[in-house]
Protein chains: 2
Amino acid sequence: MKTLLCAALLVGTAAFADEGMWTYNNFPSAKFKAKYGEPPTQAWLDHVRLASVRIAGGCSASVVSPDGLVMTNHHCSHECIEQLSTAQKDFIKSGFFAKAGADEVKCPDMEINQLVEISDVTKRIQDATKGTADAKFNDVQKAEIAKVEKECSNGDDSLRCDVVSLYRGGKFDLYKYKRYQDIRLVFAPELAIAFFGGDPDNFNFPRYDLDVSFVRIYGKDGKPAHFDDYLKWSAVNAKDGDLTFVSGNPGGTSRLLTVAQLEYDRDVKWPNAIAKLAEYRGFLNEYSKKSPEAERTAKKTLFYVENALKAIKGRQAALADPKFFASRVQAEKDFRTKVEKNPKLKKDYGAAWDGIAAAEMKLRAYRKEYELERGPQGELFGWARTLVRWAEESGKPNGERLREYTDSRLPQLKQGLFAKSPVYDDFETAQFGYSLDKTREELGADHPVIKKVYGPKSPAEIAKELVKGSKLKDEKYRQSLFDGGKEKIEAAIATDPMLAFAKAIDADARAARKRIEDEVEGVVKKNGELLAKAYFAVVGTDTYPDATFTLRINYGKIAGWKEGDKEIAPITTFAGAFERNTGREPFDLPKSWIDAKPKLAMETPFDLCSTNDIIGGNSGSPMVNRAGEVVGLVFDGNLPSLGGDYGFDESNNRAVAVHSAALIEALDKIYGAKRIVDEIKGTGAAPKAGEK
Amino acid sequence: MKTLLCAALLVGTAAFADEGMWTYNNFPSAKFKAKYGEPPTQAWLDHVRLASVRIAGGCSASVVSPDGLVMTNHHCSHECIEQLSTAQKDFIKSGFFAKAGADEVKCPDMEINQLVEISDVTKRIQDATKGTADAKFNDVQKAEIAKVEKECSNGDDSLRCDVVSLYRGGKFDLYKYKRYQDIRLVFAPELAIAFFGGDPDNFNFPRYDLDVSFVRIYGKDGKPAHFDDYLKWSAVNAKDGDLTFVSGNPGGTSRLLTVAQLEYDRDVKWPNAIAKLAEYRGFLNEYSKKSPEAERTAKKTLFYVENALKAIKGRQAALADPKFFASRVQAEKDFRTKVEKNPKLKKDYGAAWDGIAAAEMKLRAYRKEYELERGPQGELFGWARTLVRWAEESGKPNGERLREYTDSRLPQLKQGLFAKSPVYDDFETAQFGYSLDKTREELGADHPVIKKVYGPKSPAEIAKELVKGSKLKDEKYRQSLFDGGKEKIEAAIATDPMLAFAKAIDADARAARKRIEDEVEGVVKKNGELLAKAYFAVVGTDTYPDATFTLRINYGKIAGWKEGDKEIAPITTFAGAFERNTGREPFDLPKSWIDAKPKLAMETPFDLCSTNDIIGGNSGSPMVNRAGEVVGLVFDGNLPSLGGDYGFDESNNRAVAVHSAALIEALDKIYGAKRIVDEIKGTGAAPKAGEK
């Protein structure tokens with residue numbers, strides 16, 4: 001359940017029970033105390049925050065040793081594992097274990113961020129946009145944000161600074177991270193056990209997944225980075241009813257969208273996303289049957305597509321519930337009535353709902369055209385677009401660039417562009433051709449851009465020619481173009497057909513994006529800020545903001561739930577996994593498990609569920625006890641938790657985690673990974689770089 | 001745009017402008033007169049009705065010569081053309097033309113119905129259910145309908161009698177048809193021109209499709225059937241603004257669903273259908289790339305899936321329009337207020353809305369389980385289920401059988417079961433395995449039926465074993481089992497794995513169906529009847545019922561429309577088709593057209609659009625002028641017309657037809673089909689059976 005990277009511009013609801021994805025600078029100590037006793041100290045919070053890290057691609061993780069060992073999910077390292085694999089040696093299938101430090105292999109394209117400081121920049125950002133017209137709002141705010149971020153990192157690539165819009169623009173905080181880009185793979189089990197049960201069991205519980213991987217952060221000196229703050233391992237197994245904290249980066253929630261926005265999600269966004277992902281899934285599954293190599297090369301994409309599809313279906317289902325939707329309509333009505341009854345509030349904020357509703361109607365009208373920006377897909381096309389745009393963006397002042405080309409974003413962009421990641425011609429051609437076909441479908445064969453760029457050729461023909469004819473597979477070539485800048489890139493456009501294609505649709509794609517940024521996003525931001533201020537005035541500030549893929553902490557307890565008359569117990573065991581094994585994908589335990597069975601303690605807790613309030617992006621989050629020690633590793637939510645995008649329901653929304661005991665038992669007895677066990681338990685000597 | 005076979009239990013809206021799918025026994029003469037002058041006489045209506053025929057599989061058609069020549073769409077004969085094709089001789093690709101009568105080839109599985117009589121049986125059906133409890137309503141009504149139908153056909157297989165529920169159960173008419181099952185293929189062009197522009201252009205206009213086929217009705221004597229009533233060909237080409245009638249069988253509309261039902265469609269039914277069809281499409285498209293034979297064998301299914309997907313997306317989009325949806329909410333409120341203000345009406349009908357809303361909530365709860373009834377797909381499985389059920393149903397009284405096994409439905413059921421239609425092992429296995437996988441997904445791997453029936457095996461394994469192991473491919477074997485009845489079928493279940501599989505899930509599938517029939521459909525029917533009566537009392541009876549895949553007539557005129565600022569002209573020409581030709585699928589004109597180009601009149605009208613109110617099921621409908629002469633052949637609607645399911649909008653809803661001039665020009669100059677041209681123009685001698 002990697003983040004879906006939803007737009008999240010919104011204010012959080014008043015929090016009840018265990019609900020709440022709290023920012024680290026606003027932990028609800030009083031509320032916590034009323035239910036669970038003594039709240040965490042500031043030192044505790046600082047320690048857990050510094051040991052919680054973010055994988056920039058969309059996951060959470062934690063540092064679990066002083067030598068930079070990082071625990072996250074298998075599915076958070078899936079891309080790295082796949083990039084390191086070949087047709088001959090498939091680590092996705094076989095798993096990976098670096099027996100010694102020197103065997104740890106660099107992930108081509110992984111960035112890890114450690115949040116070292118949060119500071120309030122609300123006044124500066126809001127002052128910059130004060131009195132700005134709708135259509136200019138987005139540009140002005142973007143420019144000020146780019147400025148603040150640049151000042152913060154001040155040219156130091158080892159820092160990453162992000163201005164985060166919280167409470168729908170009611171508050172802006174500057175998040176300062178240490179940025180690490182030398183991340184090496186240490187351990188990953190076989191996909192068959194990391195994702196046991198596959199898509200059928202995804203978001204289900206009971207569950208039997210060892211969805212774990214370990215990577216290590218290396219410093220610029222090529223040695224394991226040292227961390228003072230790392231999470232210790234709990235010596236005691238967590239059990240039903242135990243208090244649990246989850247510290248991670250929920251990707252996005254939508255708990256205080258206006259009704260007009262909810263209607264857009266329910267009626268337009270999700271049905272369209274479902275149609276696209278479902279068809280893509282059908283294509284990928286059937287493509288995978290062509291050959292083992294086809295299956296291998298499409299697997300990562302298939303995983304993301306199936307995961308997203310299931311998550312979105314859950315979100316759509318939450319909005320399709322008439323009672324739930326009616327409750328949101330009523331809540332808006334109540335809030336609005338309160339605002340309208342107060343002349344000052346009415347004057348200042350009363351028009352915000354209609355402003356957003358009008359923007360949503362524009363979004364309906366503009367979304368098809370946006371396919372030019374979002375549609376064409378593939379590794380090569382992605383790089384081509386990045387280069388084509390860099391030729392233009394590099395000549396602009398920082399504040400006027402597209403957001404992903406601002407100075408503070410460049411290190412991540414370059415890492416992706418320069419990464420030595422494999423391109424498989426057959427899959428690349430199939431996938432790119434597929435997306436060209438879908439783009440034509442969305443815009444219509446008579447759309448002037450389609451006519452101009454596709455000409456008489458079929459999407460499959462174009463894809464074949466472009467993939468075959470492009471030199472962008474070579475990461476050194478890509479780097480040379482980037483470093484060569486505008487002149488060199490423009491010369492290459494004349495000879496490389498993928499660059500030429502990206503260039504040919506670029507003006508129209510940019511225009512489609514600009515229109516939505518100016519007329520929809522900007523207007524929603526501007527009015528969202530008004531709604532946030534109204535909300536603070538009416539409800540108060542003792543609440544949490546919607547998720548924004550930034551670090552949050554929440555608390556809850558290990559607990560099952562009731563499904564109709566059925567009680568779902570909160571902790572599964574190894575025995576259950578062996579019972580569920582059919583020997584057929586996706587219910588096939590790997591050979592390593594079958595072989596190790598006699599040695600395993602069958603009563604070992606395997607997966608667990610808890611009332612922690614999480615969502616996509618929280619994957620890889622550590623689950624810790626009152627002492628801040630690891631008791632689990634979050635990797636999923638249950639099906640009802642998918643509705644948590646729109647509102648948390650403690651009766652049945654559950655986070656799903658690997659139990660810490662399962663990790664130790666498997667590492668030790670199945671994978672012979674004693675050096676990791678020792679390191680996380682703090683019982684062994686720390687590894688030295690280069691040590692065999 | 002074959003019918004989607006939607007449930008249609010509903011009352012039509014008051015008709016404005018050209019709106020209205022009128023039953024032949026309620027033509028709105030006064031309304032017509034006010035706009036278009038002298039209305040059709042009863043003789044005219046009787047004549048056009050008798051010349052309009054229905055293809056039982058889901059299309060419309062017309063008799064266009066005294067010797068039973070029938071004109072319909074290519075896509076309405078697609079199944080027949082495919083069944084007559086082989087890997088060596090693919091008539092879908094090459095087209096088909098019987099140079100002489102003796103070359104006309106029997107379609108394995110086509111039934112044509114001619115509506116000869118309509119009689120009112122409202123009192124009898126409504127009296128039978130009077131005072132019946134919710135849960136029994138469906139059974140009691142079904143039994144009475146089966147009785148009426150059986151009395152009507154009285155054992156004569158050449159008659160087909162259907163009781164049709166109109167106005168949501170406010171009126172029941174008995175439709176008596178002559179049934180024809182010896183239908184032979186006469187002519188079909190290449191798919192490339194019948195469906196020029198493929199899925200991208202489907203439901204679009206301007207359009208350039210020759211979506212036509214001709215078949216001939218043969219009598220039991222093996223000779224062409226004689227028809228006194230057939231449509232003559234117009235000597236004059238229809239032009240912009242001309243009055244047009246369309247006579248055909250719209251499959252289903254939903255123009256007076258209650259708001260609770262509309263919410264179900266918008267939030268549950270369509271998003272789920274879109275997800276299923278989209279993924280199926282992705283699978284089929286990629287499967288088709290395996291080989292030319294894979295492409296050929298999957299083509300028919302792909303066509304239906306893409307067509308349905310596009311149609312459903314259009315319907316979903318109509319409901320997603322906030323203004324439209326609000327108008328339906330308001331209309332219901334107004335209607336309900338009127339009912340509630342009148343104490344008598346309130347007492348008799350006031351509870352109907354809530355009754356339907358409660359049934360819809362049950363439908364939400366029960367729909368997943370219904371996958372057992374709807375899910376598994378494939379030719380062999382379909383036949384297996386039919387046989388397994390026949391073993392049980394054949395021993396029941398007519399009125400207690402599942403509807404498709406009642407006496408009046410048996411001839412069609414047998415025709416399908418005994419048809420010599422090809423089964424392609426590879427596609428059958430792929431498709432059946434795919435559907436087993438999806439059924440497991442919908443119900444969950446832990447569902448008791450899935451555990452019991454699938455066991456540890458994967459869906460692909462099961463499909464392979466069952467397709468390979470079944471003898472049901474042999475139509476003689478199927479017939480012998482059917483004729484052998486319960487005993488013979490039960491013996492075969494022990495040896496044929498596909499029969500055994502169908503048997504294994506049957507009890508649960510039936511239970512899932514029964515629950516929905518009793519607790520949802522029955523309740524909706526019962527309350528629908530109340531709403532209809534309320535509607536007649538408040539609004540009157542001068543209206544048309546929702547479409548029910550029975551014969552309707554409507555009128556309109558040839559007219560373009562405005563899309564934003566763009567005027568869409570209503571008639572295209574041959575020249576436009578040649579301009580649109582790219583030489584690449586699906587925009588590739590066939591060789592026959594390229595070769596014939598010098599002979600063709602480029603200004604020949606090709607396709608046209610009109611304001612006639614149509615929907616899926618109208619495919620193949622004749623479009624006639626005031627004299628009842630053919631001026632076009634309906635094959636599609638434009639994109640906005642898809643919303644016509646929920647309400648007709650004359651400003652942009654358009655029927656799309658092949659112009660009669662295009663048919664003559666192509667038959668004559670491209671296909672050398674002079675004998676058809678002569679026959680439909682009435683200028684040649686009628687063909688004799690067996691004549692070479």
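Please read all numbers here as calculations on a predicted model, not as lab measurements. (Residues numbered from 1 in each chain as written. Chains lettered and ligands numbered in written order. Predicted model: local features only at pLDDT ≥ 70, side-chain atom pairs only at ≥ 80, totals over all residues. Heavy atoms only, no water.)

> Any details on the packing of helix α19 (residues 459-469) of chain B against helix α21 (residues 497-538) of chain B? Residues and values, ideally.
Residue and element names in this part refer to chain B. Where α19 meets α21, the closest approach of the two axes is 7 Å, and the angle between their N-to-C directions is 125 degrees. Accordingly, the angle class assigned to the pair α19 and α21 is oblique. Along its contact with α19, which presents Ile 462, Glu 465, Leu 466, Val 467 and Gly 469, the element α21 presents Pro 497, Met 498 and Phe 501. (Axes fitted to C-alpha atoms, helices over the stretch in contact; angles between N-to-C directions. Helix = DSSP H or I, 4+ residues; strand = E, 2+ residues; numbered from the N terminus. Parallel < 35°, antiparallel > 145°, perpendicular 65-115°, else oblique. Contact = heavy atoms within 4.5 Å.)

> Tell me about the interface of chain B and chain A, residues and numbers included.
Listed as interface residues are 37 residues of chain B and, on the opposing side, 36 residues of chain A. Here chain B and chain A share an interface that buries about 3,100 Å² over both sides, 50% of which is from carbon and sulfur atoms. The largest per-residue losses of area from chain B upon contact with chain A belong to Glu279(B), Glu286(B) and Arg584(B), which jointly make up 17% of the total buried on that side. Applying the counting rule to chain B against chain A returns ten salt bridges. A salt bridge links Arg580(A) to Asp446(B); the shortest N-O distance between them is 2.6 Å. When residues of the side of chain B that touches chain A are traced back to their parent elements, those giving at least two are α8 (198-201), α9 (259-288), α10 (292-320), α13 (352-366) and α17 (425-443) of chain B. With 13 residues, the single largest contributor to the side of chain B that touches chain A is α9(B). (Buried area = accessible area lost by both parts, 1.4 Å probe. Salt bridge = Lys/Arg side-chain N within 4 Å of Asp/Glu carboxyl O.)

> Break down the pairing of strand β4 (residues 69-72) of chain A for me, citing the residues and quoting the values.
Residue and element names in this part refer to chain A. Residues Leu 69 and Met 71 of β4 are buried on one face, and the alternating residues Val 70 and Thr 72, pointing to the opposite face, are buried as well. Looking at chain direction, strand β3 (residues 59-63) and β4 are connected through two bridges and run antiparallel. In the strand pairing of β4, Val 63 is matched with Val 70. For β4 and strand β11 (residues 213-218), the ladder comprises four bridges, and the chain directions are antiparallel. The residue bridging Leu 69 from the neighbouring strand is Arg 216, located in β11. (Buried < 20%, exposed > 50% of the residue type's maximum accessible area, 1.4 Å probe, protein only. Pairing = 2+ DSSP bridges.)

> Please give an account of the sheet that holds strand β18 (residues 622-624) of chain A that cites residues and values.
All names here are of chain A. Strand order in the open sheet formed by eight strands is β1-β13-β12-β18-β19-β20-β17-β16, with antiparallel pairing between adjacent strands. Each end of this open sheet is capped by a strand with a single partner; those strands are β1 (22-23) and β16 (571-573). Of the pairings in the sheet, the one linking strand β12 (residues 243-248) to strand β13 (residues 552-557) comprises six bridges and is antiparallel in character. The residue bridging Thr 244 from the neighbouring strand is Gly 556, located in β13.

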